[in-house]
Amino acid sequence: MSVTTDTNIIGGVAAKFRTCPATGLDIDLAAQRLIKANAVAAIVFLAIGGLFGLLVALTRWPAVHLLSSDMFYLVLTAHGLDVLLVWIIFFEIAVLYFASAILLNCRLAAPRIAWVAFGLMMAGALLANVTVLQGEASVMFTSYVPLKAPPNFYLGLILFAVGALLGCFIFLGTLVIAKEEKTYEGSIPLVTFGALTACIIAVFTIASGAIILIPTWLWSLGYISHIDTVMYKLVWWAMGHSSQQINMAAQVAIWYAIPAILLGAKPLSEKVSRAAFLMYILFLQLASAHHMLVEPGISSEWKVFNTSYAIYLAVLGSMIHGMSIPGAIEAAQRRNGFTNGVFEWLRRAPWANPAWAGMFLSLVMFGFLGGISGVVLGTEQINIMLHNTLYVPGHFHATVVAGTTLAFMAITYLLVPLIFQREIIWPRLAKWQPYLFGLGAAGISLFMMGAGTLGVSRRHWDITFSDATLSFDYPPAAFLMLGLNGMSGILAAIGGGLFVVIIVASVLFGKKVDASNIVAALGPKPQKQMSDAVTSYGSAGTFHLPGTYILVSIFFTAFVLYYFVNWKYLSELWQMG
Amino acid sequence: MAKAKTETAEAVESVRIPPMQRLLDNHFLLLFLGVVVPTVLYLLWGVMELSQIPIAE
């Protein structure tokens, strides 16, 4: 049973806490309410955006071709808005509050302002959605000028961004409070450091959004006569792509958090993992440049530096996490007694626990599908083969859907018992949910990348060009790819729908969690008590990781082969002599 | 005497924190770097290049 107490904190500020029966941490009730509100809002928008996504996939399936062209672009705009921005950032704000107030065992800074932030984000999201659904703002997620949406579309995005920015400052303020109150010793835990990385990238992202969206809003109102199209694109992508880098940092933090909670996993080296996050802080946002690789008017020096130099430093950070996280898992599992052979630690991982399964699938699919394709797209020379093809949505569905969304789903299975204090109902169904969604998301990513490799352009309503003056025939394999993409979309929609239903039903009707059932409520796991590894600083202290070395070698082999195969394709584009 | 010794030990301990760790523990310096580096390398550099394109007549 959780105990609620009043505690006076510095500056005469009082906050109400309960004691978590699993961790013994004092949980600020104001922070808990805000985490709940942001997580619920996120899941509602995931459901709406996911439904729009299914409609898009069914329209791209040539045999079904569900929507008219007008509706397709309307739904595509709403899908991008709701899942790339609203679902993700609402959830990230919940992660920021969890990683600060909960993991640092302190009160949340300025909860009233946090509610204002939530209100602004909600108002902005609703305003932008309503404007899109009214049919006058089918400008897609990028809203490239001179496409002009009604002012409320831009105003909605601005309000949402201001709210998210306030949330970031509340996170930073909470770090200050925790330091002042000495609720942790030494450095902040690695998961909180990952959240800090996400917060820093978010500040740059939102500032860039303000720089471009405020003038565009004024242009839409008629106060500004002209917005330069290339300048818009340059600054917009500092927001558009960096917003996905917030996901990257947040999901890596979650990849460290879930094995820490379930298995007691500690990073192989705290210092090295933190240095990898530093690479993200310094260089990850520069990946925005790959959207500008075919723009005239920008020098090769700018393009090559921002992509082929800076991106590689951020990729180095990902490589470090890519070895450190499975290594941390292997070290923890071997410490837990799974020492037979090379892979017993992996076989005996809690695969029936949806938090674990979602986390591991997210890690593998992000690395193999999203990571490798991201490096290919970020290389100026080979990007030209795939630029603005369906390969690009294939890549970012691997990163944002198979990677981030699955990771966020996974941590939700732990947030429900820990923060909502409810058991997951229908645990057997929950066990299969990450596999269903993961398989669907992997299919969407692979088949769109396949269609893109065959030249299918992105954002196109009808690849048969049925009423075009000049006809064009894509190879039959492209049609097969889009059919398989549609089927994968259905699978992902079933998996996503299951997630929404399970979580909503658990929050509303799940059995209350107290000291007697909290550990069991976290799902199957090898140890009978909750680990405190997620809230503390420290390394695993071993490098005896034969299984991890094999897995990493497989990844590197796949990476090198795919990367150079694309260079071979490039060499065949223009026959010399 | 014992108190002075403890204080000296604490002072030595605080001096021994490696520079990299001090950087990683300074959250607001990280925020500064995380905003300034992409602003200079991506935004300002890019805007400077675009602003030098001659306007068509």
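Just so it is clear, the model here is predicted, and its values are computed rather than measured.

Cut-offs applied
Once a new chain begins, its residue numbering starts again from 1 and follows that chain's sequence as written. Chains carry letters and ligands carry numbers; both start at the beginning, A for chains and 1 for ligands, and go up in the order they are written. Selection of residues for local features in this predicted model requires a pLDDT of at least 70, selection of side-chain atom pairs for listing and counting requires 80 or more, and totals for whole chains, interfaces and linings are taken over all residues. Derived side-chain values reflect all non-hydrogen atoms in the structure, with water molecules and hydrogen atoms excluded from consideration. Only runs of H or I of at least four residues qualify as helices and only runs of E of at least two qualify as strands under DSSP, and these elements are numbered from the N terminus. In this treatment the radius of gyration is a C-alpha quantity, and the globule benchmark scales as 2.2 Å times the residue count to the 0.38 power. For every residue, the accessible area (1.4 Å probe, protein chains only) is compared with the maximum for its type, and the residue is labelled buried under 20%, exposed over 50%, or partly exposed between those bounds. In this analysis, two residues are considered to be in contact whenever any of their non-hydrogen atoms come within 4.5 Å of each other. Buried area: the accessible area, evaluated with a 1.4 Å probe, that two parts lose upon being put together, summed over both parts. Salt bridges, as used here, are contacts in which a Lys or Arg side-chain nitrogen is within 4 Å of a carboxyl oxygen on Asp or Glu. We call two N or O atoms a polar contact when they sit within 3.5 Å, provided that within protein one can donate a hydrogen and the other can accept it, with sequence-adjacent residues counted only if both atoms are side-chain atoms. Classes in brief: Ala, Val, Leu, Ile, Met, Phe, Trp, Tyr, Cys and Pro nonpolar; Asp, Glu, Lys and Arg charged; the others, Gly included, polar. Among buried residues, the Ala, Val, Leu, Ile, Met, Phe, Trp, Tyr and Cys ones that are joined through side-chain atoms within 4.5 Å form a nonpolar core. The predictor attaches a confidence to each residue, and that confidence, scored 0 to 100, is pLDDT. One fewer than the residue count of a helix, multiplied by 1.5 Å, yields its expected span.

A count of helical and extended segments in chain A gives 17 helices and three strands. Its C-alpha atoms give chain A a radius of gyration of 23 Å, near enough to 25 Å, the size a compact globule of 577 residues would have. Each principal axis of the C-alpha distribution contributes one length, and for chain A these read about 70 × 60 × 45 Å. Looking at chain A residue by residue over its 577 residues, the buried ones come to 60%.

We now examine the environment of methionine 409 of chain A. Residue and element names in this part refer to chain A. Relative to the helices and strands, methionine 409 is located in helix α13 (residues 391-418). Taking relative accessible area as the criterion, methionine 409 reaches 1% and is therefore assigned buried. Taking the C-alpha atoms as reference points, methionine 409 and alanine 207, 202 residues apart in sequence, are found 28 Å from one another. Excluding residues that lie within four positions of it along the chain, methionine 409 makes contacts with Leu46, Gln433, Phe437, Gly496 and Phe499.

Moving on: the interface of chain A and chain B. At the interface, 36 residues of chain A touch 25 residues of chain B. Between chain A and chain B the total buried area reaches about 2,700 Å² when both faces are included, carbon and sulfur atoms providing 78% of it. The tally of links from chain A across to chain B stands at zero salt bridges. Here chain A is connected to chain B by eight residue pairs in polar contact (both at pLDDT 80 or more). Where the side of chain A that touches chain B is concerned, the elements lending two or more residues are α4 (151-180), α5 (190-221), α6 (229-240), α8 (270-283) and α9 (300-335) of chain A. Classifying every residue of the side of chain A that touches chain B gives 26 nonpolar, seven polar and three charged.

The next subject is the nonpolar core. Judged by nonpolar contacts, the single largest core of 209 residues is most densely connected at Trp87, Phe90, Leu196, Ile258 and Leu414 of chain A together with Tyr42 of chain B. Ranked by residue count, the leading element in this core is helix α2 (residues 69-102) of chain A, at 24 residues. Ignoring sequence-local partners within four residues, the contact set of leucine 196 of chain A consists of Phe171, Leu172, Leu175 and Ile188 of chain A together with His27 and Leu30 of chain B.

Once that is clear, we can look at the side chain of serine 299 of chain A. Examined against the element boundaries, serine 299 of chain A turns out to sit in the loop between α8 and α9. According to the relative accessible area criterion, serine 299 of chain A is buried, its value standing at 18%.

With that settled, the discussion passes to the confidence of the model for chain A. Averaged over every residue, the pLDDT of chain A is 93; the share at 70 or more is 97%. Across chain A, the secondary-structure element scoring lowest on mean pLDDT is strand β1 (residues 4-8) of chain A, at 53, and the one scoring highest is helix α3 (residues 111-133) of chain A, at 98.

Once that is clear, we can look at the environment of alanine 198 of chain A. Residues and elements named next belong to chain A. When you line up the elements, alanine 198 lands in helix α5. With a relative accessible area of 3%, alanine 198 lands in the buried category. Spatially, the C-alpha atoms of alanine 198 and leucine 159 are 20 Å apart, while their sequence positions differ by 39 residues. Aside from chain neighbours lying at most four places away, what touches alanine 198 is Ile246, Ala249 and Ala250.

Residue and element names in this part refer to chain A. Taking 1.5 Å per residue, 28 residues should reach 40 Å; helix α17 (residues 546-573) reaches 41 Å between its end C-alpha atoms and fits that length. All of the buried residues in α17 are Gly547, Thr548, Val552, Phe555, Phe559, Tyr563, Asn566 and Leu570. Close packing links the buried residues of α17 with α9, α10 (344-347), α11 (354-377) and α12 (380-386).

So, about unusual backbone geometry. All names here are of chain A. With omega at 10 degrees, the peptide bond leading from valine 145 into proline 146 counts as cis. If you trace the backbone, proline 146 turns up in the loop between α3 and α4. Here the phi dihedral of methionine 140 falls at roughly 65 degrees; this positive angle occurs in a residue that is not glycine. Judged by relative accessible area, methionine 140 falls into the buried class, the value being 13%. Of note, the phi angle at glutamine 421 is positive, near 55 degrees, even though the residue is not glycine.

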